[in-house]
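Structural overview
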Amino acid sequence: MISAQEEEIKATDAVVEVVDVTSDDAIKERLNGIFSEVKELEDVTCEVTSGVVRLSGNVPDEESKESALALARRTDGVIFTVDRIAVVTAVDAQLTPALKKLRTLRTSFVTKLPLIGIAFVVVVISILLANFLHRRVGWFERFNVSSLTRLLLRRIVRIVVIGLGFVVALEILDATAVVGALLGAAGLAGLAIGFAFRNIAENYLGGILLSAQNPFEIGDAVELNGRIGTVAMLTARDTVLITPEGNHLRIPNGMVMNSELLNYTRNPRRRFEFSVGVSVDLELNEARRVGLEAMKLSPGVLKDPKPSVTVDTLGDSAVILRFFGWVDQRESDFLKTRSETIRIVKVTYDEAGIEMPEPIYRVHLRGNTAITAGDKQEEPPSENPPRKIKQVSVEDSELDDISPDRTIEDQIETEKSSTDEENLLDVKS
């Protein structure tokens, strides 16, 4: 009687013929003979009773077990099959298929050794050719592109040539499946790397675009996101500025591309302005004329475009005049020229008797009466007379100097000589 735990035997369409007779002994002899010839099934034994086949023994894996059962079901005269086969989980039994595959690979390796040698030569030649093309800087300089773009093209050519060498080598070894797997893995890896290094890629692409668009040069004074500095370098990752305080500032190229950029140096002529308050009792046109003549006396102010003076604000105690002048930054320092012009205007107004009142109110209290600055009251004498400025050994020529300040430019040269990073703005690159 068949146990309830035994597998129900399934009849099959295909048959394996038994010579002459289909007795139980013939079926047993036939199956045991087949099992003894297959290494994975050599431990399987067969017992047959009234067409019912009981298979027992050990096999190394499920695949071998299914093969034995299928073979029994296809045998002529078999009505049912009972599965009592066990899959061996011992380490040595599990390693047997792997060892067999290793032996197969070894045999295949020895057979394909000449092809492997040819494939290796192809890879070496592709690497040598890629390095040769990468070093041909002069060839890429024929393209009218930025230095960073040329560097990127050289690297792309190198990668493509080496990649083609590996693909040809794999084709020689008839490893087309490996080629497909490598390409698929490269695509997935590229996608993962793209997400992981998105900011790095953005900065690198920003460096390419900045190098191509050329919005600034070395030594240009620029403003980025409220930060003012002088351009020292443009690398593949960031833009290096020297701040007016002499500090070293690096801004990622991606941020530079996505921010407003104000270049103070691209146009060498730059306008400055300042405000002066004069008395409301003065004739304004006369005050403007004297101020305009004073600006013309400043050595750094350009005659063309002409300087100008406008009435800006009418206050309670003063009228605010705004002065505008232009400076050629190649010949005169912007801040020095503005400072010297303010000094000349102040001296000229003093000599012309033009009053520049303080924009404040003074309140004097006498009993219950408040008197504002608009009322004419006699000021009490000051108990602290003004002190004289101590004379120091500074020549007037130093105070009147409006030549361009080269301090930042000298720091830029020091920065360029102290780093190995490639400066994409350097005309030599």
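Residues numbered from 1 in each chain as written. Predicted model: local features only at pLDDT ≥ 70, side-chain atom pairs only at ≥ 80, totals over all residues. Heavy atoms only, no water.

Where nonpolar side chains cluster on the molecular surface, the patch consists of Phe120, Val121, Val124, Ile125 and Leu128 and spans about 480 Å² of accessible area. When you line up the elements, Val121 lands in helix H4 (residues 113–135). (Patch = residues over 30% accessible without salt bridge, like charges linked within 9 Å, V, L, I, M, F, W, Y side chains within 5 Å. Areas by Shrake-Rupley, 256 points an atom, 1.4 Å probe, with all protein chains shown as cover. Salt bridge = Lys/Arg side-chain N within 4 Å of Asp/Glu carboxyl O. Helix = DSSP H or I, 4+ residues; strand = E, 2+ residues; numbered from the N terminus.)

Moving on: the pattern of salt bridges. Under the criterion given, the structure shown has ten salt bridges. Linking Arg250 and Asp238 is a salt bridge whose minimum nitrogen-to-oxygen distance equals 2.8 Å. Separated by twelve residues along the polypeptide, Arg250 in strand S7 (residues 248–252) and Asp238 in strand S6 (residues 238–242) bring together distant segments of the chain. Given the relative accessible area of 32%, Arg250 is considered partly exposed. Using a relative accessible area of 12% as the deciding quantity, one classes Asp238 as buried. Across the pair Glu273 and Arg271 runs a salt bridge, and its minimum N-O distance is 3.6 Å. Under the relative-accessibility criterion, Arg271 is labelled partly exposed at 42%. A single salt-bridge network, built from bridges that share partners, covers Arg271, Glu273, Asp312 and Arg322. (Buried < 20%, exposed > 50% of the residue type's maximum accessible area, 1.4 Å probe, protein only.)

Across its twelve residues, helix H2 (residues 62–73) extends 17 Å between first and last C-alpha, which sits within 8% of the 16 Å expected from 1.5 Å per residue. For H2, the complete set of buried residues consists of Ser64, Lys65, Ala68, Leu69, Leu71, Ala72 and Arg73. Where the residues of H2 are buried, they touch helix H1 (24–37), strand S2 (52–59) and strand S3 (80–87). Its side-chain oxygen at 3.3 Å from the backbone nitrogen of Glu63, Asp61 defines the N-terminal cap of H2. (Expected span 1.5 Å × (residues − 1). Contact = heavy atoms within 4.5 Å. Polar contact = N/O pair within 3.5 Å; in protein donor to acceptor, adjacent residues only side chain to side chain.)

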